[in-house]
Amino acid sequence: MKDNGKWPAPGKRILERKRRLGPLRAAIASTFWEYTERTKVSGMWLLRRQRTHGLSRFIWSSVLLQLLLLSIYLTLLLWLKFYSYPILNTISNDLSITDVAFPGVTICSPKVVNTERVERYVKTLNIPPEYALADVAAGFEFLNAFTDQSFEPPTHESYKVTDAVLRLNNVSVWEAAMAVSPGCSDYVKRCFWGHTEFQCNQSHEYLSFIPTTAYLGPCCSFNYNPRNSSYVPFSSNIFGMDGGLTFIGAEGSERNLNTGLIVLVHHPMDYVTESASSVTITARSESFLEVSPTVQSSSTEVLELSERKRDCLISDDLRLRNYRQAACMLSCQTEAIVAKCGCHPYLLPIVGNQFKECNLNDTFCYSANYDNFKSVRCDQCLPNCYDVTYSTLSYKTDLNQHQFSFSIDSPLSSQELLNRDSFVLRVYLAKQVVPVIRKVTVMSWIGLLSDLGGIFNLCLGLSMISVVEFFYYCIYRFYVNYQLQKGQLPRKAWQ
């Protein structure tokens, strides 16, 4: 090619472009006709050179193109179904109650600070002469800030005196709260499992009521022990009204003040929050609390999916001994409280010793941000892949107007029922079997490939070998034909 410092004329540039594109177009055409002659794909034989011409070829080509677009559209729908909605819930009744933990039962008083208990408790403290006994007692009112959403701080500053006295006596806010609030000895008088009586406050691994805390403050719990990290809840082998837990109790309220008690049914491994099923019981009533557990589980195929796709977690995902969503949410909430107020409320379970306990002076910060703490978002706390939830159905009778559900000769019949603030509560499992909601995959990878094969076979009559054949012609045969076309070109140069 002669280089005279100028670009070739426009006509020569067009000829050069055609010279370069000629082998490419010829290779595409040659490969296409070769593919139509040899492929076994349904319909392609009608595009052979000797088979169709003109309008008939155009019509048949349009039909094949539309079927190809239809197969692509159906493939996208199938992929979206597989990727976006991979899980289906199935329900069965094949699990016995012995395979499910009996729920935790927690009893709380809506009134955290009991005036009678406060008066008795302050007399046991070492109070310096400069502090008035009445000021120390008045400061305990600030404990309500941790449980009352509508708490308005009193105008007095007796909380400073109470804080100072508690520090002097080396008493934590948790210990003080448990001392001035109604406890297990106030709520629970006689306890029965089935027809067998047991000591309510005995030192027993399972059959015992122990002091605990919940979102309502100090409470009393059965089959729930948050301070024992190795605690394993027990299961029940009986169901119905005559089985389960029955106890005779009293409201434990201040004298001449009828407030009622709140009974919460929850998972025995979870801290009691507002999400727990609850029922209010009052004096001179016999309440029946029917519990229906529901199990959520996941198949092996679901567990093989990513955490976000299956929307649940197991302990191995986080390398924990026992992952619980409730514990994760609680830890997240605690971190938010510590970040804002710099302390850990007494009613939340203790997480190590890295956080100091909130004193009465910190109630102002906690009360001002109460709603924000309760609405903290913790997106990393996914549900458990295996979990048990408890729903309740409750009803009660008035002991003043109706006979007891037991005979006068029953061990339940006692003088305690004659007291004006006594009540009877029965907590039992409703059925012998438990419904299981099991997560299963809508389709596996094998199922996806099978459905894809069905789509393409329906629209185009394709199989896996047809797909391999198609790419063979598109890549290898096209390359061979292109090289042949290039070799047939005469050598030309710009003159």
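Whatever comes next refers back to the structure up there.
This text gives an overview of the structure that appears in the document.

Rules and cut-offs
Residues numbered from 1 in each chain as written. Predicted model: local features only at pLDDT ≥ 70, side-chain atom pairs only at ≥ 80, totals over all residues. Heavy atoms only, no water. Core = buried A, V, L, I, M, F, W, Y, C linked by side-chain atoms within 4.5 Å. Buried < 20%, exposed > 50% of the residue type's maximum accessible area, 1.4 Å probe, protein only. Helix = DSSP H or I, 4+ residues; strand = E, 2+ residues; numbered from the N terminus. Contact = heavy atoms within 4.5 Å. Disulfide = S-S within 2.5 Å. Patch = residues over 30% accessible without salt bridge, like charges linked within 9 Å, V, L, I, M, F, W, Y side chains within 5 Å. Areas by Shrake-Rupley, 256 points an atom, 1.4 Å probe, with all protein chains shown as cover. Salt bridge = Lys/Arg side-chain N within 4 Å of Asp/Glu carboxyl O.

**Some points on the nonpolar core**
Core analysis: the biggest nonpolar cluster contains 45 residues, and Tyr121, Phe140, Leu143, Leu264, Tyr271, Val272 and Tyr346 have the highest contact counts within it. If you list the elements that add at least two residues to this core, you get helix H3 (115-122), helix H5 (158-168), helix H6 (173-180), strand S8 (261-266), helix H11 (325-341) and helix H13 (370-374). Residues contacting tyrosine 346, with those up to four places away along its chain left out, are Val112, Leu143, Phe146, Val173, Trp174, Ala177, Gly217, Pro218 and Glu357. Membership of the second largest hydrophobic core comes to 36 residues, among which are Ala101, Phe102, Leu261 and Leu425.

**Describing H6**
Structurally, the α-helix is built with 3.6 residues per turn, so residues lying three or four positions apart point the same way. Listed as buried for H6 are Val173, Ala176, Ala177, Met178 and Val180. Where H6 is buried, its residues touch H3, H5, strand S5 (209-214) and strand S6 (217-222).

**Regarding the state of the cysteines**
With the rule as written, the count across this model stands at 8 disulfides. What pairs with cysteine 184 in a disulfide is cysteine 220, and their sulfur atoms sit 2.0 Å apart. Between cysteine 184 and cysteine 220, the disulfide has an S-S torsion of 115 degrees and is therefore right-handed. Within this pair, whereas cysteine 184 is found in helix H7 (residues 184-187), its partner cysteine 220 is found in strand S6, the two being separated by 36 residues in sequence.

**Some details on a nonpolar patch on the surface**
Together, Leu70, Tyr73, Leu77, Trp79, Leu80, Tyr83 and Trp445 line one region of the surface with nonpolar side chains, adding up to about 780 Å² of accessible area. With 6 residues, helix H2 (residues 54-84) is the largest single contributor of residues to the nonpolar patch. Looking at where tryptophan 445 falls in the secondary structure, it is placed in helix H14 (residues 445-460).

These figures come from the coordinates and say nothing about function on their own.
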